[in-house]
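# Inside the fold
Below are the chains, spelled out letter by letter.
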Amino acid sequence: METTLVLIKPSGVQRGLIGEVISRFERKGLTIVGMKLRQLDSRILREHYAHLVDRPFFPSLERSMTATPVVCLALRGVDAVGVVRQMTGATNSRLAQPGTIRGDLGMSGQENIVHASDSPENAAIEVARFFGDGEIFDYTPCTLPAIYDPEEAAS
Ligand code: UDP
Ligand code: MG
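What this report covers is the structure whose coordinates are included nearby. Everything quoted here is computed from the prediction, not taken from an experiment.

## Section: the pattern of salt bridges
- As enumerated under the stated definition, the model contains 6 salt bridges in all.
- Two residues, Glu135 and Lys36, come together in a salt bridge whose shortest N-O distance is 2.8 Å. Pair noted here: Glu135 is in the loop between α7 (120-130) and α8 (144-147) and Lys36 is in strand β2 (residues 31-38), with a separation of 99 residues, a long-range link.
- Residues Arg76 and Asp138 are paired through a salt bridge, measuring 2.7 Å at the closest nitrogen-oxygen approach. Placement of Arg76 in strand β3 (residues 70-77) and of Asp138 in the loop between α7 and α8 is noted, with a sequence separation of 62 residues between them.

Pasting the structure below:
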C-alpha cells in the first residue's frame, strides 16, 4: 500500500471544510495514519514548494499558506497517491471536474483547499517533511476485508 500526504490549506480551514474533506477520504476507504494541525513558516514552504519559489505568485502563495495552521493528513491505501490526486482535481478549482474536492468546493487557482502529493517518490519525502517519528500509526482497520479483496489488501 502507498501512503500519501494531504494538507488542508488555510482556505479549507477558514471556510470550515476540514470535516468535509476528511469525510471524503474516509468514505472512499483510505486509512488515516497521521493527522495533526501545524503552523507552516517560510522555511518549510520554500522546501515544499521549491518548484515555485521563483514564480511571481510565490509571495502571495506563502501569505496564503501561513494565514492559519494547516491540517496535515497521511492517508494509506492501494494506489493512494493517484487516488487522492484524482479526488483533489485540477490545480485551478474553476477548471477542476465536479466530483473532485477542488471542483466541488473551490473557485480559485491559489485558494484551492488541499495539497496532495503528486508521485509515490514525493509522497515519501512529503510525509517525512510534515510528520515526525512516532506520528505515523501502522494499524489495520477491521473494515479492510470490505474495502479490498485479499490480493489487493496484501499489495
Ligand atoms: N499556484 C498558484 N498559481 C499558479 C500555480 C500554482 O497560486 O499558477 C498555487 C496553488 O495553490 C497550487 C500550489 O501553488 O495548489 C502548488 O502548485 P502545483 O503546480 O504544485 O499544483 P498542485 O499540485 O497543488 O495541483
Ligand atoms: Mg503540486
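## Brief notes about helix α2 (residues 18-28)
- Looking only at α2, the buried set comprises Val21, Ile22, Arg24 and Phe25. Buried residues along α2 cover an arc of 150° about the axis, so they all sit on one side. Opposite the buried face of α2, at more than 90 degrees from it, the exposed residues are Glu26 and Arg27.
- Check the buried side of α2 and you find it contacts β1 (2-8), β2, β3, α5 (80-88), α6 (101-105) and β4 (114-116).
- Looking one or two places after α2, you find Gly29, whose phi comes out positive at around 110°.

## Concerning the pairing of β3
- Counted residue by residue, β3 has 8 buried out of 8 residues, so it is predominantly covered.
- Judged by which residues are buried, β3 turns out to be covered on both faces: Val70, Cys72, Ala74 and Arg76 on one side and Val71, Leu73, Leu75 and Gly77 on the other are all buried.
- By the bridge criterion, 7 bridges tie β1 to β3 in an arrangement that is antiparallel. Looking at the pairing, Thr3 lines up with Arg76 of β3.
- Where β2 lies against β3, 7 bridges are found, and the strand directions are antiparallel. Across the sheet, Arg38 pairs through a bridge with Val70, a residue of β3.

The rules behind these values
- Residues numbered from 1 in each chain as written.
- Chains lettered and ligands numbered in written order.
- Predicted model: local features only at pLDDT ≥ 70, side-chain atom pairs only at ≥ 80, totals over all residues.
- Heavy atoms only, no water.
- Salt bridge = Lys/Arg side-chain N within 4 Å of Asp/Glu carboxyl O.
- Helix = DSSP H or I, 4+ residues; strand = E, 2+ residues; numbered from the N terminus.
- Buried < 20%, exposed > 50% of the residue type's maximum accessible area, 1.4 Å probe, protein only.
- Arc of directions from axis to C-beta.
- Contact = heavy atoms within 4.5 Å.
- Pairing = 2+ DSSP bridges.

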